[in-house]
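Structural overview
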Amino acid sequence: MIQLEGVTKHYPRSNRPSVEDINVFIDKGEFVFFIGPTGAGKSTIIKLLLREEVPDKGKIAVGDIDVTKLRRWKVPAYRRSIGCVFQDFRLLPNRTAAENVAFALEVIGKPRSVARRVVPEVLELVGLGGKEHRYPHELSGGEQQRVAVARAFVNRPLLLLADEPTGNLDPDTSIEIMRLLDRISRTGTTIVMVTHDSNIVNQMRRRVIEVENGQIVRDQSRGVYG
Ligand SMILES: Nc1ncnc2c1ncn2[C@@H]1O[C@H](COP(=O)(O)OP(=O)(O)OP(=O)(O)O)[C@@H](O)[C@H]1O
């Protein structure tokens, strides 16, 4: 599903590469944690996967798309094909939970009739049945993140990227969000998650890729935070 081969990214005003000659292969349906100290290069890897940055060297493929060779005009559609969840939720404040989720369908041109059918289903799936007409400020942080997960999943993406999705949540709420991501992963969606949350990594026991100084220092199936 994901192939990074010899990938190097050196930002212009940085004195060393943020990511250097990394090689990663991730299969369809895998759940992978990227861990490592601050500045290790984890977010850079996410940005490279989303084509927000391009590598100086190496090849990146996601599904059957060669991300490094993707034409500029194809980038927005490529990004929309990937589900994304962030630490700060990034919901539209003046849209309800249902409208936030529906928005992900609107931007890919799905008819309203599809949204009317699918949005309640996916909000129910994330445990927000009954709260679909609340605005983000009327929801708790955990509930907002559930909306963000619903929005990321509503298009049934092959890949879901989560950058510190539990970073703003208390431990119990974090575990609930992880249960949700785990369920999504079992539908065959590949999940790549960047985290500093050792409890979560130790509880989930999934593949752990540890990054340090732009390099992969550990790649372990059913790993722990270490
Ligand atoms: N746009 C940029 N220009 C120059 N240097 C950058 C840029 N973005 C990131 N870097 C540098 O690249 C390195 C890796 O940063 P990155 O954000 O990938 O780390 P990270 O592992 O995600 O850290 P954190 O856990 O704090 O989010 C750091 O040294 C950072 O200063």
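As recorded in an unreviewed UniProt entry, the protein goes by the name Cell division ATP-binding protein FtsE, listed as coming from Glycomyces buryatensis. UniProt's Function (unreviewed entry) comment on the protein is quoted here verbatim: "Part of the ABC transporter FtsEX involved in cellular division. Has ATPase activity." Under the UniProt heading Sequence similarities (unreviewed entry), the entry covering the protein gives this text: "Belongs to the ABC transporter superfamily."

This next bit is on the overall build of the protein. Of regular secondary structure, the protein possesses seven helices and 10 strands. In terms of C-alpha radius of gyration, the protein reaches 17 Å, essentially the compact-globule figure of 17 Å for 226 residues. Along the three orthogonal principal directions, the C-alpha set of the protein runs to about 50 × 40 × 30 Å. Across the 226 residues in the protein, those meeting the buried criterion constitute 41%. Summarising the internal contacts of the protein: among those between residues at least 6 apart in sequence, 67% fall at separations of at least 24.

Taken in spatial order, the four strands line up as β2-β1-β4-β5 in an open sheet, and their pairing is antiparallel. Each end of this open sheet is capped by a strand with a single partner; those strands are β2 (19–26) and β5 (65–66). Of the strand pairs in this sheet, strand β1 (residues 2–9) and β2 are connected by five bridges, and their pairing is antiparallel. Residue pairing for β2: Leu4 is matched across the bridge by Val24. Across the sheet, helix α1 (residues 42–49) lies against β1, β2 and β4 (57–62), angled at about 120° from β1, the strand it touches most.

What follows is about the UniProt feature "domain: ABC transporter" (unreviewed entry) in the protein. Residues annotated by UniProt as "domain: ABC transporter" (unreviewed entry) correspond here to residues 2–226. For the annotated span residues 2–226, helix accounts for 33% and strand for 25% of the residues, and the straight-line distance between the end C-alpha atoms is 24 Å.

So, on to the sheet that holds strand β8 (residues 190–194). Strand pairing in a sheet relies on backbone hydrogen bonds, with the paired strands running either antiparallel or parallel. Spatially, six strands are ordered β6-β7-β8-β3-β9-β10 in an open sheet, and the strand pairing comes out mixed. Pairing within the sheet leaves two strands with one partner each, and these edge strands are β6 (82–86) and β10 (215–220). Taken pair by pair, the neighbouring strands of this sheet meet at an average axis angle of 15°, ignoring direction. By the bridge criterion, five bridges tie strand β7 (residues 159–163) to β8 in an arrangement that is parallel. Bridged to Leu161 within β8 is Val192. Contacts from α1 reach β3 (31–35), β7, β8 and β9 (207–212), with the element oriented near 150° to β7. Strands in contact with helix α6 (residues 171–186) are β3, β7 and β8; relative to β8, the strand with the most contacts, it is inclined by about 150°.

Moving on, we get to the site of the ligand. Taken together, Tyr11, Arg13, Ser14, Ser18, Gly36, Thr38, Gly39, Ala40, Gly41, Lys42, Ser43 and Thr44 make up the full set of residues near the ligand. Per-class residue counts for the shell around the ligand are two nonpolar, eight polar and two charged.

Take the domain arrangement of the protein next. For the protein, the domain assignment lists domain 1 (1–79 + 187–226) and domain 2 (82–156). Just the C-alpha atoms count here: the centres of domain 1 and domain 2 sit 26 Å apart.

Moving on, we come to the pairing of β8. A large share of β8 lies buried, amounting to five of its five residues. Of the two faces of β8, the one lined by Thr190, Val192 and Val194 and the one lined by Ile191 and Met193 are each fully buried. As paired strands, β3 and β8 are joined by four bridges and run parallel to one another. Looking at the pairing, Phe33 lines up with Met193 of β8. Taking the sense of rotation as the criterion, the β-α-β connection linking β7, α6 and β8 turns out right-handed.

Scoring rules and cut-offs
- Residues numbered from 1 in each chain as written.
- Predicted model: local features only at pLDDT ≥ 70, side-chain atom pairs only at ≥ 80, totals over all residues.
- UniProt positions renumbered as here; feature names shortened; annotations may be inferred.
- Helix = DSSP H or I, 4+ residues; strand = E, 2+ residues; numbered from the N terminus.
- Rg over C-alpha atoms; globule rule 2.2 N^0.38 Å.
- Buried ≥ 20, exposed ≤ 12 C-beta atoms within 10 Å, placed from the backbone.
- Contact = placed C-beta atoms within 7 Å.
- Pairing = 2+ DSSP bridges.
- Axes fitted to C-alpha atoms, helices over the stretch in contact; angles between N-to-C directions.
- Near = placed C-beta within 6 Å.
- Nonpolar A, V, L, I, M, F, W, Y, C, P; charged D, E, K, R; others polar.
- Domains from an automatic or database assignment.
- Right-handed = clockwise from strand over helix to strand, strands pointing away.

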